[in-house]
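# Close look at the chain arrangement
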Amino acid sequence: EDQVTQSPEALRLQEGESSSLNCSYTVSGLRGLFWYRQDPGKGPEFLFTLYSAGEEKEKERLKATLTKKESFLHITAPKPEDSATYLCAVPRYGGSQGNLIFGKGTKLSVKP
Amino acid sequence: GAGVSQTPSNKVTEKGKYVELRCDPISGHTALYWYRQSLGQGPEFLIYFQGTGAADDSGLPNDRFFAVRPEGSVSTLKIQRTERGDSAVYLCASSLTAGLNNEQFFGPGTRLTVL
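This text gives an overview of the structure that appears in the document. Since the structure is predicted, the reported quantities are computational estimates derived from the model, not experimental observations. (Residues numbered from 1 in each chain as written. Chains lettered and ligands numbered in written order. Predicted model: local features only at pLDDT ≥ 70, side-chain atom pairs only at ≥ 80, totals over all residues. Heavy atoms only, no water.)

## Examining the overall build of chain A
Under the convention used in this document: Where helices and strands are cited, they refer to DSSP runs of H or I of at least four residues and of E of at least two residues respectively, numbered from the N terminus. Radius of gyration: over C-alpha atoms. The globule rule applied is 2.2 Å multiplied by the number of residues raised to the 0.38 power. Each accessible area value is a Shrake-Rupley result obtained with a 1.4 Å probe; residue values ignore everything except the protein chains displayed when judging cover. Asp and Glu count as negative and Lys and Arg as positive, but His and the ends of the chain are not part of the count. Charge positions are represented by NZ for Lys, CZ for Arg, CG for Asp and CD for Glu.
The helix and strand inventory of chain A stands at 0 helices and 11 strands. Taken from N to C terminus, the helices and strands of chain A fall in the order β-β-β-β-β-β-β-β-β-β-β. Its C-alpha radius of gyration of 14 Å places chain A within 12% of the 13 Å reference for a compact globule of 112 residues. By principal-axis analysis of the C-alpha atoms, chain A measures approximately 45 × 30 × 20 Å. Summed over its atoms, the accessible surface of chain A is roughly 5,600 Å², and 46% of this surface lies on carbon and sulfur atoms. Taken as two groups, the 15 positive and 14 negative side-chain charges of chain A have centres that lie 3 Å from each other.

What follows is the structure in structure tokens.
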């Protein structure tokens with residue numbers, strides 16, 4: 001069964017303390033992996049799409065990487081405004097391009 | 001330009017009632033998606049439209065749920081005989097066209113509470 005698992009469920013960091021969030025997936029024929037950020041009371045906001053193992057993408061303090069089994073979201077020198085829930089998602093095997101399976105997310109808190 | 005908008009932002013209803021949730025996608029976006037998100041969970045796919053037609057409705061949980069997009073723009077998610085388990089945030093997203101390289105833009109959601 002297709003599955004996306006994110007860890008840890010919650011992460012507390014001090015401002016400037018770098019860390020990584022993990023997204024592991026079990027899906028046949030990966031067609032892409034997506035990272036989103038979600039602030040309380042809002043819809044998810046797109047961050048990155050990764051398509052193949054070895055691919056990396058960066059945006060400000062965030063860098064996403066992909067292997068054949070998992071993806072990491074590295075946060076370098078985080079700031080309090082990086083506090084949010086980070087979600088990853090993959091297209092369901094055999095499903096339409098819009099049929100995404102999301103993980104439960106990692107809730108990141110960055111303290112000043 | 002304006003993002004995806006959803007109305008109402010909150011809806012409280014009683015068990016057994018009928019509700020309609022509306023989504024206005026970004027102008028010009030041909031693909032539209034509905035998800036629902038329960039507390040502490042990621043979004044769960046419900047249905048995806050390409051233009052006016054439902055390209056994939058495999059996520060609709062049962063026949064109480066129905067969605068339309070008659071003119072290829074605004075979409076309405078309809079829930080009949082609501083149950084307490086339907087309580088969740090219903091999210092709508094749109095993308096320029098279908099395809100994995102087209103980012104989905106999400107609206108703020110409608111929080112549905114069934115008493």
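## A word on the environment of A88(B)
Basically, it comes down to this: Burial status follows relative accessibility: with a 1.4 Å probe on protein chains alone, a residue under 20% of its type maximum counts as buried, one over 50% as exposed, and anything between as partly exposed.
Counting through the fold element by element, A88(B) comes out in strand β9 (residues 88–95). Relative accessible area serves as the criterion here: at 9%, A88(B) is assigned to the buried category.

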